[in-house]
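Below are the chains, spelled out letter by letter.
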Amino acid sequence: MRIRRILAAVIATAALAGLGLTGAATATAAQGAPSYVTPSQCREGGGVPRIDLPGNPCVGGRYDGQAVD
């Protein structure tokens, strides 16, 4: 009986750890992905695409600071 409880606890712990690793991988992938907007999206959002500046940012508006592609 005691072995069953220990085994159940080990399985539950492993399952929760697996979910934690999956969540961490998803969060890392979401943060590492660069965000690009088109020049027209930048203008429609109220910004100005500044392709003459380093990193080609959208300056102002909804997409402020995002790279223009």
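Thresholds applied
Residues numbered from 1 in each chain as written. Predicted model: local features only at pLDDT ≥ 70, side-chain atom pairs only at ≥ 80, totals over all residues. Heavy atoms only, no water. Disulfide = S-S within 2.5 Å. Helix = DSSP H or I, 4+ residues; strand = E, 2+ residues; numbered from the N terminus. Buried < 20%, exposed > 50% of the residue type's maximum accessible area, 1.4 Å probe, protein only. Core = buried A, V, L, I, M, F, W, Y, C linked by side-chain atoms within 4.5 Å. Contact = heavy atoms within 4.5 Å. Salt bridge = Lys/Arg side-chain N within 4 Å of Asp/Glu carboxyl O.

Engineer: Can you walk me through the state of the cysteines in this structure?
Structural biologist: In a disulfide, the sulfur atoms of two cysteines are held together by a covalent bond. Tallying each qualifying case throughout the model produces 1 disulfide. The disulfide partner of C42 is C58, and the S-S distance across this bridge is 1.9 Å. On the sign convention where negative is left-handed, the bridge of C42 and C58, at about 90° about the S-S bond, is right-handed. Pair noted here: C42 is in helix 2 (residues 39-44) and C58 is in strand 3 (residues 58-59), with a separation of 16 residues, a long-range link. Relative accessible area serves as the criterion here: at 0%, C42 is assigned to the buried category.

Engineer: Got a minute to help me understand the nonpolar core in this structure?
Structural biologist: In a soluble, globular protein the nonpolar side chains are often hidden away together inside. Formed by V37, C42, C58, Y63 and V68, the largest nonpolar core amounts to 5 residues. Excluding residues within four positions of it along the chain, Y63 makes contact with V37, Q41, C42, G45 and C58.

Engineer: Would you mind going over the pattern of salt bridges with me for this structure?
Structural biologist: Note on pairing: side chains with opposite charge can pair once their charged atoms come close. A complete count under the given rule lists 1 salt bridge for this structure. Note that D52 and R50 form a salt bridge whose closest N and O atoms lie 3.0 Å from each other.

None of this, on its own, says anything about what the molecule does.
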